[in-house]
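Fold and contact review
Each chain, written out:
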Amino acid sequence: MPSWYTPFKRGWHALLRSPCPLCHANRADEQLLCSDCLAALPTPPAFELDPDFMVLYAFYYDKPIRELILKLKFAHSLADLQLLAQLMTARLVPRIIDKPELIIPVPLHPKRLRSRGFNQALELAKPLGNALNCPISTAFIKRTQSTKAQSSLRATERVENVQHAFAVIQPIPYRHVALLDDVITTGATLGALKHLLQAQGIERVDFYACARPLG
Ligand SMILES: [Zn+2]
């Protein structure tokens, strides 16, 4: 390679590595945001729906994480999604006291999976599964209906919308399972999935998500 090519190549490399999407400062290759923006993100508190159902979130679904998640979903940016997954893992791992035996990423409807090319919940689950040394599986639950956007529905409609949206494909031979999704906007989805798993004899169902709504 000629010597004049080296700075040229470095220049292209710098162009390809985009700056922090929030403040436009430089960011390290392996970080989604610059260190200052990372440190400024608040951590939402955990909550329990009941003693057998712990819900943990890494972030609030608000600026800037909301914009990042939307961008990742619609820009189909797998590389950025993997960075967000690492960020989420770093936040969640110290808060997980009772480790699950299995992580189940909330499934997408096959139609949506085809159009998007990946299930963001599965991608988010991978580094967390590694860090917890916990298997991840999409082989147990499937989404049987392409549900309407929950945000467009009233509370009673939301419950109906998701009640028959998921089905168990095969018996789940675990006692303690964690579900994982990118964002949870309603308790209706959580409730439907929890009932589905408890009907399989699972004693403890936890839920992990990248972000929770502010309200
Ligand atoms: Zn920044």
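Now for a quick tour of the structure.

1. A look at the nonpolar core
- Of all hydrophobic cores here, the largest spans 36 residues; its most connected members are Leu84 and Leu128.
- At the level of elements, helix H2 (35-40), strand S2 (53-60), helix H3 (65-75), helix H4 (78-92), helix H6 (120-132), strand S6 (176-183) and strand S7 (204-212) are the ones that each hand at least two residues to this core.
- Ranked by size, the runner-up nonpolar core spans 21 residues in total, among them Tyr57, Phe140, Leu179 and Phe207.

2. Thoughts on the pairing of S6
- In terms of residue burial, S6 counts as a mostly covered element, since eight of its eight residues are buried.
- Examined bridge by bridge, strand S3 (residues 102-105) and S6 share four bridges and lie parallel to one another. Bridged to Ile103 within S6 is Ala178.
- As paired elements, S6 and S7 share seven bridges and run parallel to each other. When the bridges of S7 are listed, Leu179 appears paired with Phe207.

3. A word on the coordination of the zinc ion
- In this structure, Cys20 (SG), Cys23 (SG), Cys34 (SG) and Cys37 (SG) serve as the protein donors to the zinc ion, at separations of 2.3 Å.
- One way to put it: the four donor atoms around the zinc ion meet at angles of 102 to 116 degrees, and that makes the site tetrahedral.
- Mapped onto the sequence, the residues coordinating the zinc ion show the spacing C-x2-C-x10-C-x2-C. Taken together, the positions of Cys20 in the loop between helix H1 (5-16) and H2 and Cys37 in helix H2 put the pair 17 residues apart, joining distant regions of the chain.
- In this structure Cys37 comes out as buried when scored by relative accessible area, which is 14%.

4. Points about unusual backbone geometry
- Here the phi dihedral of His24 falls at roughly 65 degrees; this positive angle occurs in a residue that is not glycine.
- Assignment of secondary structure puts His24 in the loop between H1 and H2.
- Notably, Asn133 is not glycine yet its phi reads approximately 55 degrees, a positive angle.
- By secondary structure assignment, the location of Asn133 is in the loop between H6 and strand S4 (141-143).

Conventions we followed
Residues numbered from 1 in each chain as written. Predicted model: local features only at pLDDT ≥ 70, side-chain atom pairs only at ≥ 80, totals over all residues. Heavy atoms only, no water. Core = buried A, V, L, I, M, F, W, Y, C linked by side-chain atoms within 4.5 Å. Buried < 20%, exposed > 50% of the residue type's maximum accessible area, 1.4 Å probe, protein only. Helix = DSSP H or I, 4+ residues; strand = E, 2+ residues; numbered from the N terminus. Pairing = 2+ DSSP bridges. Donors = N, O, S within 2.8 Å, 3.2 Å for Na, K, Ca; no water. Tetrahedral: all angles 85-135°; square planar, octahedral: opposite > 155°, others 65-115°.

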